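# Close look at the chain arrangement
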Amino acid sequence: MKPSGKLLEVDLSVDYPNMPGALDQVRFDLDRGEILGLVGGSGSGKSTLAMAVLGLVQWKNGRVRGAIRFDGRELAAMREPELRAIRGSQISLVLQSPVSSLNPALRIETQFREAWKAHRSGLSSTHERELFLEHLRMVNLPAEPDFLRRYPSQISVGQAQRLLIAMAIMHRPKLLIADEPTSALDPITQAEVLALLARLNARLGMAILFISHDLLSIASLCRRVAILEQGRLVECADTAAIFQAPAHPFTRRLVEAVPALPHSFPSSLANIAAAVTGVSHARTAAAPQPQPASTLDSGTESCP
Ligand SMILES: Nc1ncnc2c1ncn2[C@@H]1O[C@H](COP(=O)(O)OP(=O)(O)OP(=O)(O)O)[C@@H](O)[C@H]1O
Ligand SMILES: [Mg+2]
């Protein structure tokens, strides 16, 4: 793969022993600072893709074929120590079940410290605590020593997800992979987490690969969306184009499954975004013109 200045360029397949082609020649790229949505049904390969980019799929007995170029480096060819230096530092992950992602036996401050010390050292414990409090503030959690002393059982699921986001951004990753980060949350907390991700993207310039089965959440956050069906990328286009002229039959079914909005509800995509997230998201609002449907024929698609 030739260098192109993109943050991430993927052209990969993944096989599991009992499931060859869990991902089948999935090609897409991601600009620096971009939020790309990845949507697909259960079992379509979304988490497999996230695990492959993080170099974790071999721990699930998966085999990666192809290329994963991140920030000019080829991840698919890297050994574990090199990958470990990138994971959690340059590429972070937030998962769907915040409570099980935290260690129930450790106080929040201890978990913050472990995340920090995995890649950095040299701060006094007072400065470390200031850093943790600053990150609690960034994700709208109580920036108080008392909060740091709590155990995961003493915070809500929504607070746990914000906490995990705070830990995930501590090393200022260039890419955050969020694998269904809102699906365990109630609708209001979901909207708050989406708004938080949009703010962090704007503030830190961090690209986000936002994985979801919910097209409306994707529309609220992402300018472009890639659609996975049974391990194949069937469509990849601007979010507006996906809603206005879905080219692939599977995408059409996804769009038709989005609940109809009342007539009085704001109809433009930008306003839907604002309604769902509570923020006016410039990337979504400024979505460029839809691509012609002719470039989005059904079959395996690569993401321009
Ligand atoms: N370790 C594994 N061994 C064998 N098959 C696996 C393994 N992990 C996932 N699979 C299979 O690979 C396919 C893709 O799974 P994956 O978890 O990536 O889907 P997903 O799109 O994330 O689904 P969901 O929306 O339910 O999270 C599924 O058919 C799944 O059964
Ligand atoms: Mg999954």
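Residues numbered from 1 in each chain as written. Chains lettered and ligands numbered in written order. Predicted model: local features only at pLDDT ≥ 70, side-chain atom pairs only at ≥ 80, totals over all residues.

Attention shifts here to the pairing of strand 8 (residues 207-212). Along a regular strand, successive side chains alternate from one face of the sheet to the other. For strand 8, the tally of buried residues reaches six of six residues, placing the bulk of the element in the interior. After leaving strand 7 (residues 175-179), the chain enters helix 8 (residues 187-204) and then returns to the sheet as strand 8, a path that is right-handed. (Buried ≥ 20, exposed ≤ 12 C-beta atoms within 10 Å, placed from the backbone. Helix = DSSP H or I, 4+ residues; strand = E, 2+ residues; numbered from the N terminus. Right-handed = clockwise from strand over helix to strand, strands pointing away.)

What follows is about the sheet that holds strand 6 (residues 91-94). The mixed open sheet is built from six strands, whose spatial order is 6-7-8-3-9-10. Each of the sheet's edge strands pairs with one partner strand only, and the pair in question is strand 6 and strand 10 (232-238). The average angle at which neighbouring strand axes cross in this sheet is 15°, direction not considered. In this structure, strand 6 lies alongside strand 7, joined through four bridges in parallel fashion. Across the sheet, residue leucine 93 finds its bridge partner in strand 7, namely isoleucine 177. Most of the contacts of helix 11 (residues 249-257) go to strand 9 (residues 224-229), to which it runs at about 110°, and overall it touches strand 3 (35-40), strand 9 and strand 10. (Pairing = 2+ DSSP bridges. Axes fitted to C-alpha atoms, helices over the stretch in contact; angles between N-to-C directions. Contact = placed C-beta atoms within 7 Å.)

What follows concerns the sheet that holds strand 1 (residues 8-16). Read across the sheet, four strands follow the order 2-1-4-5 without closing on themselves; strand pairing throughout is antiparallel. The open sheet has two edge strands, strand 2 (19-30) and strand 5 (73-74), and neither has a second partner. In this sheet, strand 4 (residues 63-70) lies alongside strand 1 in antiparallel orientation, the contact comprising eight bridges. Bridging from a neighbouring strand, aspartate 11 pairs with alanine 67 of strand 4.

Attention now moves to the nonpolar core. Core analysis: the largest hydrophobic core is formed by 82 residues, its most contacted members being Ala52, Ile177 and Phe210. With seven residues, helix 7 (residues 157-169) is the single largest residue contributor to this core. What phenylalanine 210 contacts, discounting residues up to four positions off in sequence, is Ile35, Gly37, Leu38, Ala178, Ile218, Leu221 and Cys222. (Core = buried A, V, L, I, M, F, W, Y, C linked by C-beta atoms within 7 Å.)

Taken together, 15 residues surround ligand 1, and among them Tyr16, Ser42, Lys46, Ser47 and Thr48 come closest. Going through the elements one at a time, strand 2 and helix 1 (46-53) are the ones with two or more residues in the shell around ligand 1. Top element by residues in the shell around ligand 1 is helix 1. It accounts for three residues. (Near = placed C-beta within 6 Å.)

Right, let's get into helix 4 (residues 108-117). The complete set of buried residues in helix 4 reads Ile108, Gln111, Phe112 and Ala115. Projection of helix 4 onto a plane perpendicular to its axis shows the buried side chains occupying an angular sector of 105°, all on one side. Seen from the buried face of helix 4, the exposed residues on the opposite side, beyond 90 degrees, are Glu114 and Lys117. On the buried face of helix 4, the contacting elements are helix 5 (125-138), helix 6 (145-148) and helix 7. (Arc of directions from axis to C-beta.)

Glancing now at the confidence of the model for the protein chain. For the protein chain, per-residue confidence averages 86 on the pLDDT scale, and residues scoring 70 or more make up 84% of the total. Mean pLDDT across the elements of the protein chain bottoms out in helix 13 (residues 282-285) (36) and peaks in helix 6 (98). Segment residues 276-299 is flagged for pLDDT under 50; beyond a separation of four residues in sequence, or across chains, it makes 57 contacts in the model. (pLDDT = per-residue confidence, 0-100.)

This part takes up the pairing of strand 9. Extensive coverage of strand 9 is indicated by the burial of six of its six residues. Burial along strand 9 is two-sided: the residues Arg224, Ala226 and Leu228 and Val225, Ile227 and Glu229 are all buried. Examined bridge by bridge, strand 3 and strand 9 share five bridges and lie parallel to one another. Paired with leucine 38 across the strands is alanine 226, a residue of strand 9. Counted between consecutive antiparallel strands, the loop separating strand 9 from strand 10 contains two residues, among which glutamine 230 sits at a positive phi close to 45°.

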